[in-house]
Amino acid sequence: MEKLPKIGLPILIGVIIVVILIAKSLVTIGPGEGGVLFEPLGDGINTERTYGEGFHIVAPWNDMIVQKVRQQSISDNMNVLSVNGLDITVSGTIWYQPEFKNLGKLIQTKGEDYVRELLSPAINAAAKSVVGRYTPEQLYSSKRDIIELEILEEVRQELDGQFVNVKRVLVENVKLPTTIKDAIERKLKQEQESLEYEFRLESARKEAEKVIIEAKGKAESNRILSASLTDKILQDKGIEATVKLSESPNSKVIVIGSGDSGMPIILGNQ
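Below or above, wherever it landed, is the structure these notes cover. The shown structure was predicted, so the numbers you read here are calculated from the model rather than taken from an experiment. (Residues numbered from 1 in each chain as written. Predicted model: local features only at pLDDT ≥ 70, side-chain atom pairs only at ≥ 80, totals over all residues. Heavy atoms only, no water.)

Take the sheet that holds strand β3 (residues 44-45) next. Pairing within the open sheet is antiparallel, and its 3 strands lie in the order β3-β2-β5. Unpaired on one side and paired on the other, β3 and β5 (63-68) mark the two borders of the sheet. Taken together, the 6 bridges between strand β2 (residues 33-39) and β5 define a ladder with antiparallel strand orientation. Considered in β5, the bridge of L37 is made with M64. Contacts from helix α2 (residues 103-110) reach β2, β3 and β5 within the one sheet, and its direction differs from that of β2 by about 60°. (Pairing = 2+ DSSP bridges. Helix = DSSP H or I, 4+ residues; strand = E, 2+ residues; numbered from the N terminus. Contact = heavy atoms within 4.5 Å. Axes fitted to C-alpha atoms, helices over the stretch in contact; angles between N-to-C directions.)

So, on to the sheet that holds strand β8 (residues 164-175). If you trace the 3 strands from one edge of the open sheet to the other, you get β6-β7-β8, paired in antiparallel fashion. Of all strands in the sheet, those bounded by a partner on one side alone are β6 (72-81) and β8. The mean angle between the axes of side-by-side strands here comes to 25°, regardless of whether they run parallel or antiparallel. Here β6 pairs with strand β7 (residues 87-98) via 10 bridges, running antiparallel. Its bridge partner lying in β7, D76 is registered against G92.

On to the nonpolar core, then. Ranked by internal contacts, the top residues of the largest apolar core, which has 37 residues, are L119, I151 and V166. When residues of this core are traced back to their parent elements, those giving at least two are β6, β7, α2, α3 (114-131), α5 (144-158) and β8. A per-element tally of this core places α3 first, with 9 residues. Contacts of V166, omitting those with residues within four sequence positions, involve I94, W95, Y96, L119, L152, V155, R156 and L159. Residues V27, Y51, V58 and M64 belong to the second largest nonpolar core, which totals 6 residues. (Core = buried A, V, L, I, M, F, W, Y, C linked by side-chain atoms within 4.5 Å. Buried < 20%, exposed > 50% of the residue type's maximum accessible area, 1.4 Å probe, protein only.)

Here it is, written out as structure tokens:
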């Protein structure tokens with residue numbers, strides 16, 4: 001009986017070691033994540049395999065490095081210069097996604113903090129390059145979509161072969177010096193008022209042309225009608241009207257002759 005505690009202690013220690021080894025060997029990778037194995041007794045990062053979601057058993061002396069592999073985003077404020085040297089602050093958001101099958105190579109070459117080491121410098125360099133081609137007015141108003149596409153293209157070129165895919169670049173805000181911003185807004189307002197004035201003038205001109213065309217049409221119609229009303233036609237029309245009037249049961253018409261134009265002379269109508 002006295003030997004039991006001496007035997008039980010090594011067993012207890014053994015059980016604890018086994019539990020630690022099992023806990024160390026079981027790795028859980030969550031949704032939207034991937035893992036790469038670091039083998040300190042081997043070649044370091046295993047770049048041949050990326051582990052997906054779920055439970056995995058690894059050797060207790062190896063470490064599983066887990067990273068997000070779904071689409072992610074980062075937002076940043078970048079101080080850049082316009083084409084005329086003005087200091088401008090650009091706020092943007094970038095959607096990116098690491099390549100799942102090359103996650104080991106990404107971590108091996110750029111480290112676990114690849115966003116700070118790789119992605120952010122590439123975005124800043126692309127933003128400075130693109131924004132530097134435009135004036136403050138273009139940045140503030142009409143070139144937003146074009147700038148986004150150009151930054152996206154340059155970022156993709158910077159990251160070509162770096163195991164990270166950039167999906168989209170969104171320029172959310174362009175902050176200009178107050179004096180420049182006010183001047184641009186005044187200019188845009190004046191241009192809008194000028195366009196509105198030109199629109200009213202064009203509408204008035206078209207309306208005047210419409211009235212002139214209608215008047216010419218009526219004048220031409222009257223001219224044709226007058227030319228077609230010969231004495232013969234007037235005589236026939238008068239006779240036709242007289243006949244219809246004489247056929248009326250409530251009318252009494254006495255025709256005593258015709259005038260110089262051939263129109264009948266009516267003595268009375270009762």
